[in-house]
Amino acid sequence: MTTHVHADIAAILRRIGKLPEFHEITGDHNLRYDLGIDSIKLIDVVVNIEEELGVVIDDEIVHGLVTVGDIDSYVAGLAGR
C-alpha cells in the first residue's frame, strides 16, 4: 500500500507546485494537468523525494511518472513500504 509515502509525497508536491495546504492530492491526480508540475518542477520533486525519503529514483523512470499514484507506487516499492 502506498499510503505510508503518499503524505510525504503530497507535501512535496504542494510545496513545489505552490499549492495551498488544504489542496487535496490523490493518486489519480495528473502531475501536469491537475497539479501544474511541468518537467522542470518534476525534477525538483524527484530531488526532494530522494533527499527527504532517502531513496534513489532511476532517471529512466522519471519520464513515465504521470500521476501521483505512479510516484507513490514507485517510491513505496523502493522504500519497501
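Refer to the preceding data block for the structure.
Scoring rules and cut-offs
- Residues numbered from 1 in each chain as written.
- Predicted model: local features only at pLDDT ≥ 70, side-chain atom pairs only at ≥ 80, totals over all residues.
- Heavy atoms only, no water.
- Helix = DSSP H or I, 4+ residues; strand = E, 2+ residues; numbered from the N terminus.
- Buried < 20%, exposed > 50% of the residue type's maximum accessible area, 1.4 Å probe, protein only.
- Lys, Arg positive; Asp, Glu negative; His and termini not counted.
- Salt bridge = Lys/Arg side-chain N within 4 Å of Asp/Glu carboxyl O.
- Polar contact = N/O pair within 3.5 Å; in protein donor to acceptor, adjacent residues only side chain to side chain.
- Core = buried A, V, L, I, M, F, W, Y, C linked by side-chain atoms within 4.5 Å.
- Contact = heavy atoms within 4.5 Å.

Caption draft 1: Representation of the side chain of Arg-14 within the structure. Note on placement: Arg-14 falls in helix 1 (residues 3-17). Among buried charged residues, Arg-14 stands out as having no salt bridge; its nearest opposite-charge side chain is Glu-21, 4.2 Å away. Polar side-chain contacts of Arg-14 include one of 3.3 Å to the backbone oxygen of Glu-21.

Caption draft 2: Focus on the pattern of salt bridges. Considering all chains together, one arrives at one salt bridge under this definition. Note that Glu-52 is salt-bridged to Arg-15, the shortest N-O span being 2.5 Å. In this pair, Glu-52 sits in helix 2 (residues 39-53) while Arg-15 sits in helix 1, placing the two residues 37 residues apart along the sequence.

Caption draft 3: Focus on the nonpolar core. One finds Leu-13, Leu-31, Val-45, Ile-49 and Val-75 to be the most contacted residues of the largest nonpolar core, which totals 24 residues. Sorting the residues of this core by element identifies helix 1, helix 2 and helix 4 (68-79) as the ones contributing at least two each. Looking at this core element by element, the count peaks at six residues for helix 1. Discounting residues that sit within four places of it in the chain, Ile-49 has contacts with Ile-9, Ile-12, Gly-54, Val-55, Ile-57, Ile-71 and Val-75.

Caption draft 4: Inspection of the side chain of Asn-30 at higher detail. Mapped onto the elements of the fold, Asn-30 is located in the loop between helix 1 and helix 2. Judged by relative accessible area, Asn-30 falls into the buried class, the value being 17%. There is a polar contact of 2.9 Å between the side chain of Asn-30 and the backbone nitrogen of Tyr-33. Filtering out sequence-adjacent residues up to four positions away, Asn-30 remains in contact with Leu-35, Val-66 and Thr-67.

Caption draft 5: Geometry of unusual backbone geometry. We note that Lys-18 has phi near 55°; this positive angle belongs to a residue other than glycine. One can find Lys-18 in the loop between helix 1 and helix 2. Judged by its relative accessible area of 74%, Lys-18 falls in the exposed class.

Caption draft 6: Structural detail: the environment of Leu-35. Along the chain, the position of Leu-35 falls in the loop between helix 1 and helix 2. Using a relative accessible area of 4% as the deciding quantity, one classes Leu-35 as buried. Sequence separation between Leu-35 and Ile-25 is 10 residues, and the spatial gap between their C-alpha atoms is 8.5 Å. When near neighbours in sequence (up to four residues on either side) are disregarded, Leu-35 contacts Leu-13, Leu-19, His-23, Ile-25, His-29, Asn-30 and Val-68.

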